Each structure stands twice: as structure tokens, then as C-alpha cells.
Amino acid sequence: MGDLRGRLGDAVAALGLPRILIFAFLVLTWLVAALATDLPLPGLLRDSIVRTGQNGVLVLALVPMVRAGSGLNFGLPLGIVCGLAGCVLAMERGLAGAPMLAVATLVSLPCAALAGLGYALLLERVRGQEMMVGIYVGFGAVALASVAWLVAPVTSPDLIWPVGGRGVRYLVAVDSAFAVSISVWRPAGIAALVAVWLGACALVALFSRTLAGASLDAAGQNERLALAAGIPVRRLRRLGVILSTVLAAFGIVIFTHGQGLLPLYKAPLLMALPAVAALLLGGATIARASVWNAVVGTFLFQALLASGLPVVNALVHQSAQSAALKDFPEVARLIVANGIILYALTRKG
Amino acid sequence: MTEAAERLRQNLVPLLFAAVCAAGIAASEKSGAFYANEVIARTARNALIVLSLVIPIVAGLGLNFGIVIGAMAGQIGVVLVENQVGLGPGGAPEGGIQGLPGLALAAAISVPTASVAGWLVGLTLDRARGREMIAGMVLGFFANGLYQLLFLLLAGPVIPIRNPRLLLPQGTGLRNTVDLIGIKESLDSLAKLRVPLAEGGFPLLVIPVATFLVVLLFAAALAWFQRTKLGHDLRAVGQDLHVAEILGIDVRRKRITAMILSTVLGALGQVVFLHNIGTLNTYQSHEQVGFYAIAALLVGGATVERATIGQALLGTVLFHTLVTVVAVVGQELLPDRPQVGEYLRELLAYAIIGITLAIHAWKKAREARRSS
């Protein structure tokens, strides 16, 4: 009995009380959905898992930079834009499904590594204000890419404006490597999506165990101590930023295959915010983050959105007010995500 | 360094942008009168919001990205005034308090709203010392969620907005765009100077004198304020938190005061802005406010730590010349792609702010390294 209590205590300590409460709230939501609404419970669970897999790598991308001591990567859109460029190039070649995913990834990784290097060099010079400068690097990347999409000499009918246009159109559908269509997900597809996400998480976790990974953590936790121990702090911080940007590029390739659409033009502008919120919800802070935080945070955040909001909607729907509340999920998302980030930014210390 | 060279160095940024503007105007096919009118109109409607950013910088809180919250407060005032103005025959406003009194009422409503909002902003940002700018920006996004909750879901059933001009047909939520027939151009048209630039009355230079007088009034009030005891205290807090604390200044309280003042001025600025534009984009009008106002202030030569009223006014003129030039040149180069101009304008604002922030942080990091 005492042993069980001890183990339970360990589990609580590892997850943290807030996350256990949120999880309990999620379970409650599922119960309410099953008993009090006509929402299909398997559908809610499936949506939660698909959204987790779809967003997981983008959240994971934040981890190396926090660990290297450069704070939350609000410049995530820089890597995202590189990944989108890979997708557009692959689709211009007529690729779809898994080959498109592979080629887009291969094309975007060197591009993201290069962009990440430039980003890292800039951040090195603005130590202490990385988050603020990062957000503008992201904005700049998105605005620049928007001009690029408008003038890109694409010819593929999947990409170009339908009537006599030039450039990439606003809505580009992606043939997903995982789903039959945006709405039809088979178990095998879901498993593959989750496997890719967890695989990426495992790789980043393994990296922490290598010498470079351990040095990166040391550099982030105590710069002076690391310098005294002969660790090349600046080079490792640079590595952290590059890794983060590269993972963001891969993350958006996976994201497009989950969503079935390319988030072109202004769509990626604020994508860093929900990712950051998910990581913080997973128990990370501005100074500390682990792969575990990213995994738990993505699931809790996405499951809350994917099941909590439809349930609230369904409950309200049954009462008086109805059609006007269709915008509620979007509003709730804004408040919750930015509230979490604000909480982390205003914590003492 | 000689005095002249030092002055040149201090004003390098506005000089540089002035040169770019001049080159753009010279290269484009549009007439000087077109630019003059465009810049006068844009300056009149934007100057107040840009002025509202000066105090937080002086008080050491950096660029106030939370100014969108002031803009939201202004919009609340505008919506409440428009709500009681009906639609008469021929699209004319009917009943209610309209025209200049309506505009004054909108301003009067937005002042207490913005004061409370500014107090909350100040409380929050004081907890994020050293990270005020990013926290202010996220606070803006967060407030945007609350604003949408207010106008999209609560307007109608909870908040008594009944005017069909504002309310969506289903009775909940405001329309995406609202024509501000009640207050539109009421201040502008009070005293408009029309100056013919050539024989026969065309081209015509149009100057909204009354609006400019209001702007100058606020600029003068701001200049006076900076010389008061409170103004000096704010400056002391901005220069060194610790020294100010030792001097017995209640740092936290002064910082909150700075945010309240900035938010209130921002709200008034948004009221003036909207009254000139004449249409409220309910869910978008406030979003870009912060970025464009901050970019304008920086073009005037302000930095994260130093800003003057002169820089705010000069920056407004220069930035809006620049925006006009970029739009025209974009249109002339790529006539079939009107969106390019819009993206270029955004890129311009982002670049100006991003580069200034980077230079500021760069300098800070170097100072820190030197002192350690």
C-alpha cells in the first residue's frame, strides 16, 4: 500500500499537479461528451490524437533553443517558411503523398539550416532580447515569403492561380501522406502520423544524451560554469537555434500532411504562439524545457481544443443561443493560448 | 567630433528615410500634390496614436506594443456612440448624439475604459520587468481574444446593442464593418482649409485644420506634462530603476501611471483615426495600429530608450510618406499585383521595428559585456 502511494507520488511529481488537473478535466469532458451530448466519443479522441501528431513536431522544435538558453523561439515562422518552400517545390514537381513529404523535407532541411545559422548569428548579438527580436524575424520571414509566393514562377495546376494568374494561390490542397482525405483518417494513417512525431521526439531526446546535447544543456543552464568547463557556449547556442529552425521546417511539412492544406501567405504569422503555449502547458518555463514537456503539452493543448471546444459548443447548442457561437472556439483559443504565454512571461524570476 | 557631425549622427535615421522618400517621389509618375494631400490626411489621422507611445519609452518600458488595447478602448467608445444613431432616409444619420458632440461622447466614454485597461496593462507589464515589450505584445493578442468575446458573442444578448446598422442579422455579434455615419469626419469638416495650388483651383491642397489643432494641443500638453513633477519622476524611473527607488520614487506606481496615460492617449488617437477613415473594421481596425504607429515613431529617429514629441510628429510624416511612396511604386512596377504593395508595406514596418530592436539589443549586450 505504502509502495503504491510512493509510486503514485512519483507520477504526480513527474507530471506536475496542473497537468494532472487538466488531464482530469479532459477525461471529464469526454465523459460529458459521451453522456450528455450526441458527439461521437471515438471521433473526439481521434481528432485529439490527429491534432497532436499534426502539431507535435512544431512544439518539439522549441525545445533545443530553450535548452541552449536562448528562450522561447518566437521566430518559429522562419523555419516554417523554409518548410513551406520545400512543399511548394515538391508539389511543383508533381509529387504528392509520401514522396512529396520526403522531398519537401529533404529540400527544406539545408535551407532551414542556412536560415537558422543567420538567425543564430543575429540572436547571438542581441543576447537578452532574443524573444522580441525573434518575433520580428518571424514576421519578416512571413512577409518576405508572401511576396515570394506572389511572384513565384510556378506552373503546376495544383499551385497556380486558376484563371490566368501568376504565383501561388491562397488555398493549396495537399495530398496527405497519412489521411485518405482531410476528413477520412484510417487507423494506419493515424499510427503513421503519431509514429513520425514520436520518432522525432525520440531523436531529440537521444540527442540530449550525446556529448553535444549534454554540453548544449550545460551551456543553457549556467553559461559561466560551462565556459569554465571549456564548453564552446556560443557554438552550442548556435547549434540550438539551427536545430530549432530545422525542426520547425520539418514540423510544418508534417503539419500540412495532417491538415491537408498549405498555410501560405499570412497563415504562419502567429503560428509560434500556440506552439509556445503548448510547450508551457507541458510544464516548461522560459529557461527550462524537455522533450517530455513538449509531448505532454502538445497532447493536453490539442486535446483540450479538439474535444473541449466541440463539447462546450454542443452543450450550448442544446440551450438557447446557437448559431452565433460558431466563432467561440477561435476566440477561446486566442484567450487560452496567449493567457498561458502571458502567465509564463510575468512569473517572477 | 564637431557639433555639426554630432547632430548629423543623431538625426541619421530620419535623414536616411527622408532621402528614400525623396528618391521614390522623384522616380514615380504621381504629382507632388497627390503626395502632399495623401501625407497630410494620413498624418492628421495617425499623429495622436504615435504621440501616445512617447511616455512609456521615457518611463523605461520600451515600445508599447500594448497600445492596441488603447485602440480597442477607443473602438468601444465609437461603437457605443454609433449604436444610438439611427439610419435616416438616404443614408443620413438620424437621432441620437451625433456629429461633433457624438465624437466628444465617444472620446469621453473611451477615457475611463482606457484608464482601467491601462491600469491592468501596467500591473501586468510591471511583473514582466526586462520583458515588457514581448509581454505587451502577447497581452495585445490576449486582449484581442477578450475584445472578440465582447463584440462577437456578448454584443446583442448581454451588451444592449440593438441598432441593426451594427448588429448582425441573427442578433448576436457586431458586423465586420460598420459605417460610422454618426461621427464621420465631424472634426475634420469643422475647419477645412482648401488651398488651390494652381490657377483654376486644381490641384487642390486639403488641410483638416481642426484635427491638426487637436494634435498640436495634445503635443503641447505632453510637452508641458514632461516638465511637471510626475514627468520628471517618470524620466528618472526610465533612466535607472534602482536609482529612482533610492530617491524614494514609487517605481511600480509610476510605471503603471505611464501605461495608463499611454493607453488613454492611444484610445483618443484611435477615435480620431476612425472618425477620419469613416468605417470601423470591427475585428481588424485595431490590430495593425501598434505596428504602424511604432514603425512611424522609429522612423522619426526614436529608439527603444529615447523618444521625443518632435520625433513622433516627424516620424508620422516621414513614415506615411514612405508608405505612400512604397504603395505607388509597387503599383507602378507590378500593375497586375495590387497585393504586392500591401505586403511590401508590412515588410517595411516589420523591417523598421525589427532592425531597431536588433540594434538596441546589440548595444545593450555590448554594454553588458563591457561592464562585466
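Treat the numbers as computed from the prediction; the structure is a model and nothing was measured.

Here is what the cut-offs are and how they apply
Residues numbered from 1 in each chain as written. Chains lettered and ligands numbered in written order. Predicted model: local features only at pLDDT ≥ 70, side-chain atom pairs only at ≥ 80, totals over all residues. Helix = DSSP H or I, 4+ residues; strand = E, 2+ residues; numbered from the N terminus. Rg over C-alpha atoms; globule rule 2.2 N^0.38 Å. Buried ≥ 20, exposed ≤ 12 C-beta atoms within 10 Å, placed from the backbone. Contact = placed C-beta atoms within 7 Å. Core = buried A, V, L, I, M, F, W, Y, C linked by C-beta atoms within 7 Å. pLDDT = per-residue confidence, 0-100. Pairing = 2+ DSSP bridges. Expected span 1.5 Å × (residues − 1). Arc of directions from axis to C-beta.

Trainee: Give me the lowdown on the overall build of chain A, citing residues and values where you can.
Mentor: Of regular secondary structure, chain A possesses 14 helices and two strands. Here the C-alpha radius of gyration of chain A, 21 Å, is about what a compact globule of 349 residues would show, namely 20 Å. Seen through its principal axes, chain A has C-alpha atoms that stretch 70 × 65 × 35 Å. Taken across its 349 residues, chain A has 49% of its residues classed as buried. Partitioning the intrachain contacts of chain A with sequence separation of at least 6 by distance along the chain shows that 75% fall at a separation of at least 24.

Trainee: Lay out the overall build of chain B in plain terms, naming residues and giving numbers.
Mentor: Counting secondary structure elements, chain B contains 14 helices and six strands. In summary, chain B has a C-alpha radius of gyration of 21 Å against a globular reference of 21 Å for 372 residues, a match within 12%. Counting only C-alpha atoms, chain B reaches 70 × 55 × 40 Å along its principal axes. Within the span of chain B, comprising 372 residues, buried residues form 49% of the whole. The contacts of chain B with a sequence gap of at least 6 include a subset with a gap of at least 24, amounting to 73%.

Trainee: Now, about unusual backbone geometry: what can you tell me, with residues and values included?
Mentor: The residue Tyr265 of chain A is not glycine, and still its phi comes out positive at about 50°. With respect to the element layout, Tyr265 of chain A can be found in the loop between strand S2 (261-263) and helix H12 (272-281). A tally of 21 C-beta atoms within 10 Å means that Tyr265 of chain A is categorised as buried. The backbone phi angle of Glu185 of chain B is positive, close to 55°, even though this residue is not glycine. As for its position among the elements, Glu185 of chain B is in the loop between strand S3 (177-179) and strand S4 (192-196). With 17 C-beta atoms counted inside 10 Å, the residue Glu185 of chain B sits in the partly exposed group.

Trainee: Before we move on, could you go through the interface of chain B and chain A and cite the residues and values that matter?
Mentor: Taken together, the contact between chain B and chain A spans 40 residues of the former and 35 residues of the latter. At the level of secondary structure, the elements contributing two or more residues to the side of chain B that touches chain A comprise helix H7 (132-154) and helix H14 (338-371) of chain B. Ranked by residue count, the leading element in the side of chain B that touches chain A is H14 of chain B, at 16 residues.

Trainee: Could you give an account of the nonpolar core, naming the residues involved and the relevant values?
Mentor: Membership of the largest hydrophobic core comes to 234 residues, with the highest contact counts inside it found for Leu60, Leu62, Val276 and Ile341 of chain A together with Leu53 and Ala295 of chain B. At 15 residues, the largest contribution of residues to this core is made by helix H11 (residues 233-259) of chain A. Setting aside anything within four residues of it in sequence, one finds Val276 of chain A in contact with Leu62, Leu72, Phe74 and Ile341 of chain A.

Trainee: Which residues make up the confidence of the model for chain A, and what values do they have?
Mentor: The predicted model of chain A averages 86 in pLDDT, with 93% of residues at 70 or higher. For chain A, the element scoring lowest by mean pLDDT is helix H1 (residues 2-15) of chain A, at 69; helix H5 (residues 76-92) of chain A scores highest, at 95.

Trainee: Describe in detail the pairing of S4 of chain B, supporting the description with residues and values.
Mentor: Residue and element names in this part refer to chain B. S4 sits mainly on the outside: zero of its five residues count as buried. Pairing between S4 and strand S5 (residues 204-208): five bridges, direction antiparallel. Directly across from Pro196, in S5, lies its bridge partner Leu204.

Trainee: Just give me the short version of the confidence of the model for chain B, but keep the residues and values in it.
Mentor: Low pLDDT means the predicted coordinates in that region are not meant to be read closely. In this model, chain B carries an average pLDDT of 87, and 99% of its residues clear a pLDDT of 70 or more. What the predictor reports for the complex is a pTM of 0.88 with an ipTM of 0.87.

Trainee: Any chance you could break down helix H8 (residues 209-227) of chain B for me, citing the residues and the numbers?
Mentor: All names here are of chain B. Its 19 residues give H8 an end-to-end C-alpha distance of 27 Å, which sits within 8% of 27 Å, the value for a rise of 1.5 Å per residue. Considered for burial, the residues of H8 that qualify are Thr211, Val215 and Leu222. Looking straight down H8, one finds that the buried residues subtend no more than 40° of arc, so they occupy a single side. Exposed residues lying more than 90 degrees from the buried face of H8 are Leu216, Leu217, Ala220, Trp224 and Arg227. For H8, the elements touching its buried residues are helix H3 (32-51), helix H4 (54-58), S5, helix H11 (251-277) and helix H13 (309-333).

Trainee: Can you tell me about helix H2 (residues 12-27) of chain B, naming the residues and giving the values?
Mentor: Residue and element names in this part refer to chain B. Here H2 is 16 residues long and its end C-alpha atoms lie 23 Å apart, about the 22 Å a rise of 1.5 Å per residue gives. Listing the buried residues of H2 in full gives Val13, Pro14, Phe17 and Cys21. The arc that holds the buried residues of H2, viewed along the axis, is 90°, so those residues lie on one side. In H2, the exposed residues that point more than 90 degrees away from the buried face are Leu12, Ala19, Ala22, Ala23, Ala26 and Ala27. Residues of H2 that are buried in the fold lie against helix H12 (289-299) and H13.

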